[in-house]
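# Results of the structural survey
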Amino acid sequence: MRGKGGELELAVLGLLHESPMHGYELRKRLNALLGMFRAFSYGSLYPCLKQLLAQRLIIEDDQEPAAVRPAATRRSKIVYKLTAEGKERLQELLSEAGPASWEDEGFGVHFAFFAHTRADVRLRILEGRRSRLEERLEGVRAALARTRERVDNYTLELQQHGLESVEREVRWLNELIGRERAQQQEEENR
């Protein structure tokens, strides 16, 4: 389950690793955690949950026993919990540092779970992201140079804004990479 579905898989397993939760709460937490990168709908969340259940990476559990449930309520909220296999899969996903982890779609999800990611993997992801953005910067600068005289002021402003946004992210990544390397060096010197 890589690509867009794989990022959702990582996000769901990562959140369930923190605590069991029901679908509504899970969707709320996904959108709070990753909303700036993408919004998650029930239309993408529930098929993902169904697949994770089929793979036995998570299990369903009734939140309240039937005796405690109000008579008017037909069913209790289903709480999703991570299994031992789910924990192993999460660790697998967190150790991946290939292109999917530094592209636009995957970077935010991986970064959100950096606290659970090994230092060498974090560094590879950050460096990969920086490399990808530096390539993008070259392309945007070249396009700006070619089209500067042929576009209106608003299009030029939009292109300039895009360029500045990417430059800002590269500076941020440089700072993070510097801190990661310093921390690794500190740990090696202990």
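First things first, this report covers the structure right here in the doc. If you're wondering where the values come from, they're calculated on a predicted model, not measured in any experiment. (Residues numbered from 1 in each chain as written. Predicted model: local features only at pLDDT ≥ 70, side-chain atom pairs only at ≥ 80, totals over all residues. Heavy atoms only, no water.)

## What about the side chain of Ser-101?
Short version of the rule: Comment: elements are numbered from the N terminus, with helices defined as DSSP H or I runs of at least four residues and strands as E runs of at least two. Under the scheme applied here, a residue whose accessible area is under 20% of the maximum for its type counts as buried, over 50% as exposed, and between as partly exposed, the area being computed with a 1.4 Å probe on protein chains only. Any two residues whose heavy atoms approach within 4.5 Å are treated as being in contact.
Within the element layout of this structure, Ser-101 appears in helix 5 (residues 99-102). Look at Ser-101 and you get buried, because its relative accessible area is 1%. Excluding anything up to four places from it in sequence, Ser-101 contacts Glu-96, Gly-106, Phe-107, His-110 and Ile-125.

## Section: helix 4 (residues 84-94)
Here is the rule: Think of it as the arc spanned by the lines of direction from the helix axis to the C-beta atoms.
Residues of helix 4 that are buried: Gly-86, Arg-89, Leu-90, Leu-93 and Leu-94. The arc that holds the buried residues of helix 4, viewed along the axis, is 135°, so those residues lie on one side. Turned more than 90 degrees away from the buried face of helix 4, the exposed residues are Ala-84 and Glu-88.

## Quick look at the pattern of salt bridges
Applied cut-off: For salt bridges, the criterion is a side-chain nitrogen of Lys or Arg within 4 Å of an Asp or Glu carboxyl oxygen.
One pass over the full model with this rule turns up 15 salt bridges. Linking Arg-129 and Asp-104 is a salt bridge whose minimum nitrogen-to-oxygen distance equals 2.8 Å. With Arg-129 in helix 7 (residues 119-147) and Asp-104 in helix 6 (residues 104-112), this pair connects stretches of sequence that are 25 residues apart. Look at Asp-104 and you get partly exposed, because its relative accessible area is 41%. A salt bridge links Glu-169 to Arg-129; the nearest nitrogen and oxygen atoms lie 2.9 Å apart. Highlighted residues: Glu-169 in helix 8 (residues 153-189) and Arg-129 in helix 7, separated in sequence by 40 residues.

Keep in mind these values describe shape, not function.
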